[in-house]
Amino acid sequence: MSQAHVRDLSGSKAEQGLDALLDDLPGLLSSAASQYVKLLRRGSKLVGDLLPIDQLASSNDCCSVPTQECPPRCIAEICWEGCACEVQRATVTVKNSGAQTRAFSFTAGNLGPAKVEVAPPAATLAPGQAVTLQVAVPASQGLKDGETYTGELLIRGAYEQCVRLRLRVGPAAVPHLDVCQGEVPQKITELNWYRHWQCTDPCVSERTPNEQPGAVLAGTHVPAAAPATVNPAPAAAAPAQGSLSLLRGAAAKKKTARGAAKKRG
């Protein structure tokens with residue numbers, strides 16, 4: 001994935017010098033350190049405000065005539081880092097801070113073989129009105145890895161200003177993964193702990209959702225479950241203990257009567 005940042009060129013010399021130094025560090029540091037560089041870049045403006053080097057030379061001169069320098073022609077720099085196959089995008093907001101309505105035009109050149117696209121190309125802005133430009137660098141096969149391409153975005157209103165454009169082309173990041181697969185693995189479990197038998201089952205089931213119970217899976221017959229009995233009849237009740245005693249007593253009386261009849265005869 002491409003990365004981008006904006007470098008302010010309208011600050012003091014100390015700020016610009018520190019920011020230029022930070023631009024060279026990401027190529028020498030790891031990605032973790034690059035995140036730290038971004039934090040340092042945000043604080044570079046504070047360093048420039050705390051160290052107004054341009055005013056130190058005349059700070060002790062009480063009779064100096066006030067002077068004012070012209071604003072820099074290039075007010076900022078947009079830096080992209082990405083591969084040639086990606087479209088690089090940025091937005092630039094232009095505001096009319098003057099006291100009258102002005103017509104602005106916006107043009108950009110090339111970054112190597114890639115033509116920089118700017119939309120809209122022109123706008124008429126009333127005092128205090130602003131417009132946001134869409135800047136895009138299309139993907140191009142002519143961009144070479146390791147090369148840095150520079151260009152300018154020109155903003156013409158009451159006077160001309162520019163935004164520097166810089167594209168550093170790097171190789172595309174392509175993740176790679178190795179997967180190794182051979183025969184179907186087997187799961188081996190012990191049938192019982194006291195019997196030294198093993199059960200071997202394939203780790204991948206060959207049964208499809210349309211197969212019914214009772215099908216043959218991997219050479220082993222799977223029996224269908226027995227149907228459940230609905231409302232089974234209650235079992236016959238066992239004879240009570242008292243009834244058994246009466247039956248035994250009647251049998252004993254019959255046996256005694258038979259023995260007495262034999263003696264009489």
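Residues numbered from 1 in each chain as written. Predicted model: local features only at pLDDT ≥ 70, side-chain atom pairs only at ≥ 80, totals over all residues. Heavy atoms only, no water.

K.L.:
Tell me about the environment of R166, residues and numbers included.
P.N.:
Turning to its location among the elements, R166 is positioned in strand β11 (residues 160-169). Placed 16 residues apart in sequence, R166 and T150 show a C-alpha to C-alpha distance of 4.4 Å. (Helix = DSSP H or I, 4+ residues; strand = E, 2+ residues; numbered from the N terminus.)

K.L.:
Run through the sheet that holds strand β9 (residues 130-137), naming residues and quoting values.
P.N.:
Strand order across the open sheet formed by three strands is β3-β9-β7, with antiparallel pairing between neighbours. With one partner strand each, in any of the chains shown, β3 (88-95) and β7 (117-119) form the two edges of the open sheet. Mean inter-strand twist for the sheet, computed between neighbouring axes without regard to direction, equals 20°. The sheet contact formed by β7 and β9 spans three bridges and is antiparallel. Within β9, the position partnered with E117 by the bridge is A136. (Pairing = 2+ DSSP bridges. Axes fitted to C-alpha atoms, helices over the stretch in contact; angles between N-to-C directions.)

K.L.:
Describe the sheet that holds β11, with residues and values.
P.N.:
Whenever strands of a sheet pair, they do so through backbone hydrogen bonds, lying parallel or antiparallel. Judged by pairing direction, the sheet is mixed, and its six strands sit side by side in the order β1-β2-β11-β10-β4-β8 without closing on themselves. The open sheet has two free edges, formed respectively by β1 (3-8) and β8 (122-125), since each of these has just one partner strand. For this sheet, the mean inter-axis angle between neighbouring strands, taken without regard to orientation, is 20°. Note: strand β2 (residues 74-82) against β11, eight bridges, orientation parallel. In the strand pairing of β11, E81 is matched with R168.

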